[in-house]
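# Per-entry structural report
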Amino acid sequence: MSGGVEGGTRVGAGGLELPPGDGGHEGSSSTDAPPGAVSLARPMDAAGSIGPELDWGADAWREVRTRAQRAGRAYIWLNLVEQRLRAVVAAVLRPVYEPVHGDDWVVAAAGPAGQEWVQRAVAVREVSRRKGYLLDPADDNVLSFLTLPQLRELMVAHWPCFEPYFDDRRDVELALDELEVTRNVVSRNRALSEAVLSQAERASARLLEMLGAGGDVPSARRLPVDAVEDLVGDRYADVVAVHPDRVRLLRQFPAEDIFGGARRLDALGIGLNLLVQNFSGRRLVRLAEAGCRVRLLFLNPASSAVKRRERELGLKRGELGRSVEMNILHMRRVRSRLRDPAAFGIQVYDETPRCTAYLVDGDGTDGVAVVQNHLRRSRGMEAPVLVLRNGTKVVKPGEVEEGGLFPTYREEFEQMWADSRPVS
C-alpha cells in the first residue's frame, strides 16, 4: 500500500507527511484526487515564502567580482604564456617533422607516449570545424588545440632540440609547475587567492622572458610592464598604478626600485620625504658620483605658504617648517660630499604647493614618475599616489596620439625650477 490517510493528512510509505491539497480551490477536494496521487502545496506569496534565498547580498556580489577580477588577470597571463610557448614549439619542431609528415607533424612529434592527448586534440579540432568555432584560418591546426601541459610535454620530450635556446631546463619546468595550479583554478572557475595570483604573475613574467618575449619598454627594468597594462593601458593614458597612500606605494614599489640606477632625478614638493627619508644619503652620493644629475625643489621653510599648510594640517606653528629645513640641510650635506656639487641642485620656491612629483629619467622614453596632489586635510603620507610611465601609451590605428600626464608634471617642474631660488 503506497500510503494512508491519518487525520486528513496523507502519509507516504516511508512515513513522511505529505502536504494536503488546496481544499479552498473551487471544484476540488481531497476526495477528487485519484488513488495514489500526491497533493502539492500551492506556492505562498512573497511575504511568506519558504525555500532557498536566491538573491545575492552586497557581500556575495563583492566576493564574486573579486574572483572574476583575479581570474581575469590570471587568464591574461596564461593566455600570453600559452601563445608564446605554442609559437616556440612550432618554430623548433615544425622544421624537424613537417618535411616528412606534412600537416600531421604535431601527431608525429607527440609520438606513442602522447598518442592519447594528441588524438583528443584532433577530435576537438574536427568538432570545432563542423560547428563553425574556427573563426581564424590560422587556428585550423592541431597545435592550436594543445593545452599548456601538452605543449610542455612536447618540449620536454624533445629537449635536445630546445636546449640551445634556454639556459636551464629546470627553470623552465619550475615556472610551468607554478602556473599549473593557477591554470587548473582558472579553467574550473574556482576561487583564486591573491598569493597564488601574484605567484602566477611572477612565474609568467619570468617564463615569457626565458621564452624570448620580454617587453621592449625601456623603463621595464625599473617598473615591470604588467600584462593588463600592456593590453588595456591605452584606457588610462600613461597612468600605470594608483595607490591610496604612500605606504601602499612603497610596499609594491620600494624607494630603491624608484630611484636606484637613475641617470636623472627631478623632484618637486614640500619636504620631499619620499626621497629624503626612504633613500639614504650614502646611496644618493653613489648615485650622483655614477653620473646621475639631481635637481631638488623644496618649499621655502620660511615662506607664508608653509604657515598656511601648517594650519590646513592642524600642525603646531613652525613644525612643518622645521621638518622641511632639516631635509634641506640633509641634502646639503649630501651635496658637500660630491666631487661635482653643480650636478646636485637644491632650490626653494615660495608659491602655494600644488603637488609633489618625482621624475626619474624624465628626459627620455624610459621615464617613470611618482606624483601626488596636495589635499587640504591630508599629509603627503596619506594622499593618493599616481605612478606614470613616459612614452609608452598605446596608440590604436587611426587615432591621434595625445599627451599623457607625464609631460604635464615635467613641464610644471621646469616652470617652478625656473622661478625658484638656489640654496647655497
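Check the secondary structure of the protein and you find 15 helices and 11 strands. The proportion of buried residues among the 424 residues of the protein is 37%. The contacts in the protein between residues at least 6 apart in sequence include a share of 70% that link residues at least 24 apart. Entry remark: accessible area of the protein is about 24,900 Å², with carbon and sulfur atoms responsible for 51%.

If you look at the biggest cluster of nonpolar residues, it comprises 60 residues, and the most contacted ones within it are Phe-259, Leu-296, Phe-298, Met-331 and Phe-344. Every residue in contact with Phe-259, bar those within four places of it in the chain, is listed here: Leu-265, Leu-274, Leu-275, Phe-279, Leu-287, Tyr-358 and Val-360. One finds Val-89, Ala-109, Leu-154 and Leu-176 within the second-largest nonpolar core, a separate group that totals 42 residues.

In terms of backbone geometry, most residues other than glycine have negative phi values and most peptide bonds are trans. In the Ramachandran plot, Asn-189 falls in the positive-phi region, its phi being about 55° despite a non-glycine side chain. On the accessibility criterion, Asn-189 (61% relative accessible area) is exposed. Here Leu-272, not a glycine, exhibits a phi torsion of approximately 55°, which is positive. One can find Leu-272 in the loop between strand S5 (264–268) and helix H11 (273–276).

Moving on: the packing of helix H1 (residues 58–101) against helix H6 (residues 169–187). Taken N-terminus to C-terminus, the directions of H1 and H6 make an angle of 125°; their axes are 10 Å apart at the nearest point. One element, H1, and the other, H6, form an angle in the oblique class. The handedness of the crossing between H1 and H6 is left-handed. Taken together, the residues of H6 that come into contact with H1 (itself represented by Ala-71, Ala-74, Tyr-75, Leu-78, Val-81 and Leu-85) are Leu-176, Leu-179, Thr-182, Arg-183 and Val-186. Along the lines of polarity and charge, the residues of the contact of H1 with H6 split into 9 nonpolar, 1 polar and 1 charged.

Before going further, it helps to examine the pattern of salt bridges. Per the counting criterion, the structure on display carries 27 salt bridges. Note that Arg-70 is salt-bridged to Glu-194, the shortest N-O span being 3.3 Å. Of this pair, Arg-70 sits in helix H1 while Glu-194 sits in helix H7 (residues 194–210), and the two are 124 residues apart along the sequence. Its relative accessible area of 44% is what places Glu-194 among the partly exposed residues. The shortest N-O distance in the salt bridge between Asp-177 and Arg-152 comes to 2.6 Å.

What follows concerns the environment of Ile-258. Tracing the sequence through the fold places Ile-258 in helix H10 (residues 255–259). What makes Ile-258 buried here is its relative accessible area of 0%. Here the alpha-carbon distance between Ile-258 and Phe-279, two residues 21 residues apart in the chain, equals 9.7 Å. Aside from chain neighbours lying at most four places away, what touches Ile-258 is Arg-222, Phe-253, Val-360 and Val-370.

Between its terminal C-alpha atoms H7 stretches 24 Å, which fits the 24 Å expected from 17 residues at 1.5 Å a residue. In this structure, the buried side of H7 is in contact with H1 and H6.

Enumeration over the complete set of coordinates arrives at 5 aromatic pairs. Relative to Phe-279, the ring of Phe-259 lies with its centre 5.7 Å away and its plane at 65°, an arrangement referred to as edge-to-face. Here Phe-259 is found in helix H10, whereas its partner Phe-279 is found in the loop between H11 and helix H12 (281–289), with 20 residues between them in sequence. Each member of the pair Phe-259 and Phe-279 is classed as buried. Where Phe-413 meets Trp-417, the ring centres are 5.7 Å apart and the plane angle is 20°; that geometry is what we call stacked. Here the residue Phe-413 and the residue Trp-417 both occupy positions in helix H15 (residues 405–418), the gap between them amounting to 4 residues, near one helical turn. We classify Phe-413 as buried; its relative accessible area is 1%. Of the aromatic side chains, those joined through ring pairs into one cluster are Phe-259, Phe-279 and Tyr-358.

Rules and cut-offs
Residues numbered from 1 in each chain as written. Predicted model: local features only at pLDDT ≥ 70, side-chain atom pairs only at ≥ 80, totals over all residues. Heavy atoms only, no water. Helix = DSSP H or I, 4+ residues; strand = E, 2+ residues; numbered from the N terminus. Buried < 20%, exposed > 50% of the residue type's maximum accessible area, 1.4 Å probe, protein only. Contact = heavy atoms within 4.5 Å. Areas by Shrake-Rupley, 256 points an atom, 1.4 Å probe, with all protein chains shown as cover. Core = buried A, V, L, I, M, F, W, Y, C linked by side-chain atoms within 4.5 Å. Axes fitted to C-alpha atoms, helices over the stretch in contact; angles between N-to-C directions. Parallel < 35°, antiparallel > 145°, perpendicular 65-115°, else oblique. Left-handed = near helix turned anticlockwise from the far one by under 90°. Nonpolar A, V, L, I, M, F, W, Y, C, P; charged D, E, K, R; others polar. Salt bridge = Lys/Arg side-chain N within 4 Å of Asp/Glu carboxyl O. Expected span 1.5 Å × (residues − 1). Phe/Tyr/Trp six-rings, centres within 6.5 Å; stacked < 30°, edge-to-face > 60°.

Without other data, these values stay purely geometric and don't point to any function.
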